[in-house]
Amino acid sequence: MIKHVILIAMLLAIYAVFTVSLQDLEQIYQTSADYFREFGVDQTGSNNLVTAILLDYRLFDSLFEAGILLIAVSGIIWISKHDIEEKNARFMLDKFKTPDLFVTFSRLVYPLMLAFGFYIIINGHVSPGGGFQGGAIVATAILILYYIDADKETNIGMIVTVEKFLYLTILIIASLSIFTRGTFFTNVFPYETSSTSTQVIYLVTLNILIGFKVALGLWAIFTAFLKEGR
Amino acid sequence: MHFIPVYLIFVPVLAALFIYVFKSRHMNWLALAAQAVLTVLLVLYYREFSGQYENTLIVFGGWNDRIGISLVNDEISMSFMFLTVFSWWMVLIYTFEQGKTNHNFLFFLMFLEGVFLALLQTNDLFNMFVFIELLSILVAVLIAFKKTGDAFRAGLYYLVISKAAMMMFLLSIILVYNSFGTINILLVREAMQSTDSLTVVRLSYVLFMVAVMVKSAFVPLYSWLPRAHGVAESGISALLSGLVVKGGLYLFIRLNQMYEYANLNYADFFYWIGALTAVVGVMFALSQKDMKQILAYHTISQIGIVMMGLSKLHDPDMFIGGFLHIFNHALFKSLLFLGAGVIISAYRTKKVTDIRGVMRTMPFVSVFMIIGMLSITGAPFFNGFISKSIIKYGIVDSGIRYWILFVVNIGTATSFIKMSQIFFGPKTMTIRIRKPLKNFALMSLAFACVMLGNFYIPISEGFFGFRVQYIDIGTWANFFDYFLALTIGYVFYRFVIAPDPVPVRYIREHKMTFQQANYLFVVMIVVLLTVFVWW
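Residues numbered from 1 in each chain as written. Chains lettered and ligands numbered in written order. Predicted model: local features only at pLDDT ≥ 70, side-chain atom pairs only at ≥ 80, totals over all residues.

## Digging into the overall build of chain A
Scanning chain A from N- to C-terminus turns up nine helices and zero strands. Structurally, chain A occupies a C-alpha span of about 60 × 60 × 35 Å along its principal axes. Residues counted as buried form 36% of the 230 residues belonging to chain A. (Helix = DSSP H or I, 4+ residues; strand = E, 2+ residues; numbered from the N terminus. Buried ≥ 20, exposed ≤ 12 C-beta atoms within 10 Å, placed from the backbone.)

Right under this line is the structure:
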């Protein structure tokens, strides 16, 4: 009991320091937002400034954020892999336990979700969204597929291999700018000479690749979990 | 030439991906090929830029460096990179004969190398955060690689604890960005001059330091390390103890450089944290009987000694001592872990009290192990002696600090006297598998230990740019000190540790629960806040 009281007191103290210190920000608050507002669209060709940062100004980070998912997928697959034969494994999603209404609605929603996911991926440079978010939506749509067809068989090894190839392609495309601009990890088309619509090609390509990579990665993760929870 | 840092990051990453995609035994050679390419690139880079590190800045995309991501190198990151490549050579050679699952293992291992090299070079706080996250996941997977219950628990324990720490790190990055409008480390460092140590800057420092303390396993946030390093495979343990834990210390150096102008008086506080870590680590190591647990707890205590040196960032001599000890510890701890791995796989037990007659059964491995033990206990003519002496010279006038180091030395000596009982006894029949590559890795590490112990003057001047001429190995006082420590250690072992009294058993069976670890985490934040914000 006394331990809990002390814990709460300590957390309150930390909170107090936080609130006090945030008042300091009135004195020294600085941000780079003005830079992005002023030059973002011209330099990257993306109306969505988040995508501008993600796929151009800080592309190096995004590559390794995609890498985190890659490693998480391979790690989960490796750890959850069992040595027993599981070719005929049935998933825990039993057809009899899933309500018919849910299955019917899933059938209805599935194509819509898929289309919505692709929309988010492709329009990442115009409106909020992009490869990471759209990929997650596509993966959710695929997850619904398991409710519709509980006996669905998935070859995880294949998915993971394709995911690795996609990651390789992303790395290659991201570093292509060494040939056109003499520096790594930015748009292939230099903003000084090419128009915004040319630059968009690059953004859409990267968004699509990242979207597929994320979707495949999440698909592999939940397939591994489904097999685990069988 | 200018982009070699980028190639250094992506050569191992690409090798890892190819190894994973083409799951063939022959792909194992690809890892060695990538390693060779890496070595050549690193040497080229060193020859090009040594002495003129101000030219190493790379800003990706050619953007303004306030918003872009940049890489930069200096003497510290350069020497760390050499250590990284060397450690990976050793571990790759050691684990080369591992068998069928090797390609999966190599995928994680090579990716880890790329990520670690990137972490060393980055000049951007958020970039650093991304790499530490990747590092945590990779290390957790490698700890749990054997897929036994213990390994799995240790891996998850490490992952969750380091996630909690990294959330603090992320919060701190947000505070820094809002204060200075950039997360470029060099620019933040310059901007600190005009802040006059506001609370928000101090708070961000506290949160950074909590994360660093977890990552580099300081008392009281060390509880993940003995579990993780005790259960992982020996090759992985060697890598984690020798190098990856030092990632936390590297962050400590980098971040304290960043806060150099913020008028934070941290030296004494971290000195005592280091001393406490050293003492507690030795205390636990003395009570253990599991060979790998002993080595894991010694990692904690040696990190404490390193910290005693590093905490004096503005006192060049002490700092050099701590910095050199990082390298020396990496060499002899890898050697000890790899040697222990060979012995454990031959005897099929980890208990120090059950293994006998290693000297007769495996003479080569024993010689290398003894070199490692002499190094870690700080014998003259071995590398541990050099760095420990530099730290000792820095504190020799300040009474209690000197005695703490002496006590830690005695503890280390005692614990390795205990471990050396495995060498005595008659020859035993063990599973004999000829593994020349393992012996080769051990031999290289032992050779490096002896070289650094004897030719420390040219090596430290060439690689690190320090002058350590004032260390004199051959004086009688050094031998006297060492044998005094050994004698006290032997007496202490014979009459206190060997009979296994109740307190020793109590310490051995003490395991910190996850709840306690989290509680201590919060306590530590409050302690740091008290020291750095309210004072």
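## Quick notes on the overall build of chain B
For chain B, the count of helices and strands is 23 helices and two strands. Taking 24 Å as the expected radius of gyration for a compact globule of 535 residues, we find that chain B reaches 22 Å, a close match to that expectation. Based on the C-alpha atoms only, the size of chain B along its principal axes is roughly 70 × 60 × 50 Å. Buried residues in chain B amount to 54% of all 535 residues. Here the analysis covers contacts within chain B between residues at least 6 apart in sequence; of these, 78% occur between residues at least 24 apart. (Rg over C-alpha atoms; globule rule 2.2 N^0.38 Å. Contact = placed C-beta atoms within 7 Å.)

## Section: the packing of helix α14 (residues 316-347) of chain B against helix α19 (residues 436-454) of chain B
All names here are of chain B. Running from amino to carboxyl end, α14 crosses α19 at an angle of 150 degrees, the nearest separation of the two axes being 9 Å. Taken as axis vectors, α14 and α19 run roughly antiparallel relative to one another. For the crossing formed where α14 meets α19, the hand is left-handed. Between α14 and α19, the contacting residues are N328, L331, F332, S334, L335, L338, G339 and V342 on the first element and K438, A441, L442, L445, A446, A448, C449 and L452 on the second. Its residues assigned to classes, the contact of α14 with α19 shows 12 nonpolar, three polar and one charged. (Axes fitted to C-alpha atoms, helices over the stretch in contact; angles between N-to-C directions. Parallel < 35°, antiparallel > 145°, perpendicular 65-115°, else oblique. Left-handed = near helix turned anticlockwise from the far one by under 90°. Nonpolar A, V, L, I, M, F, W, Y, C, P; charged D, E, K, R; others polar.)

## Things to note about the interface of chain B and chain A
Across the boundary between the two partners, chain B contributes 45 residues, which contact 43 residues of chain A. Of all elements in the fold, only α1 (4-21), α4 (102-121), α5 (125-143), α6 (149-180), α8 (199-215) and α23 (514-534) of chain B reach the threshold of two or more residues within the side of chain B that touches chain A. Looking at the side of chain B that touches chain A, the element that brings in the most residues is α5 of chain B, giving nine residues. In the side of chain B that touches chain A, the residues fall into 31 nonpolar, 11 polar and three charged.

## Things to note about the domain arrangement of chain B
Residue and element names in this part refer to chain B. Domain boundaries assigned for chain B yield domain 1 (1-56 + 73-122) and domain 2 (146-534). One C-alpha centre belongs to domain 1, the other to domain 2; they are set 24 Å apart. Taken residue by residue, the interface counts 18 residues in domain 1 and 23 residues in domain 2. For the side of domain 1 that touches domain 2, the elements supplying multiple residues, two or more each, are α3 (75-94) and α4. Examining the composition of the side of domain 1 that touches domain 2, we find that 12 residues originate from one element, α3, more than from any other. Per-class residue counts for the side of domain 1 that touches domain 2 are 12 nonpolar, four polar and two charged. (Domains from an automatic or database assignment.)

## Observations regarding the confidence of the model for chain B
Residue and element names in this part refer to chain B. Counting all residues, the mean pLDDT for chain B is 87, and 98% of those residues have values of 70 or more. Looking over chain B, one finds the lowest element-wise mean pLDDT in helix α20 (residues 456-464), namely 77, and the highest in α5, namely 93. Across the interface, the model reports ipTM at 0.91; the global pTM reads 0.93. (pLDDT = per-residue confidence, 0-100.)

## Description of the environment of T196 of chain A
Here T196 of chain A shows up in helix α9 (residues 196-228). As for T196 of chain A and V41 of chain A, which are separated by 155 residues in sequence, their C-alpha atoms are 8.4 Å apart.

## A short note on the nonpolar core
Residues and elements named next belong to chain B. Residues L138, I143 and V210 are the most contacted members of the largest nonpolar core, which totals 239 residues. With 18 residues, α14 is the largest single contributor of residues to this core. Counting the residues that make up this core, at least three belong to each of domain 1 (1-56 + 73-122) and domain 2 (146-534). Residues contacting I143, with those up to four places away along its chain left out, are A151, A154, G155, Y158, A228, V231, A232 and I236. (Core = buried A, V, L, I, M, F, W, Y, C linked by C-beta atoms within 7 Å.)

## Topic: the environment of Y250 of chain B
With respect to the helices and strands, the residue Y250 of chain B is situated in helix α11 (residues 246-258). By C-beta crowding, Y250 of chain B is classed as buried, having 20 other C-beta atoms within 10 Å.

## Some points on the packing of α3 of chain B against α4 of chain B
Residues and elements named next belong to chain B. Across the interface, α3 lies against α4 with an axial gap of 9 Å and an inter-helix angle of 170 degrees. Put simply, α3 runs roughly antiparallel to α4. Residues S77, F80, M81, T84 and W88 of α3 form the contact with α4, whose participating residues are E113, F116, L117, L120 and Q121. Residues of the contact of α3 with α4, tallied by class, amount to six nonpolar, three polar and one charged.

## A few points about the confidence of the model for chain A
Here chain A averages 85 in pLDDT, while 90% of its residues score no lower than 70. With pLDDT under 50 throughout, residues 83-89 of chain A is counted as low confidence; its partners more than four residues away or in other chains account for three contacts.

## Some words on unusual backbone geometry
Residues and elements named next belong to chain B. With an omega dihedral of 5 degrees, the bond running from V219 to P220 counts as a cis peptide bond. Structurally, P220 can be placed in the loop between α8 and α9 (224-231). Positive phi, normally seen in glycine, also occurs at A217, with a value near 60 degrees. By the secondary structure assignment, A217 is in the loop between α8 and α9. Using a count of 25 C-beta atoms within 10 Å as the deciding quantity, one classes A217 as buried. A positive phi angle is found at F381, which is not glycine, with a value near 75 degrees. Here F381 lies in the loop between α16 (363-377) and α17 (383-395). Given 15 C-beta atoms within a 10 Å radius, F381 is considered partly exposed.

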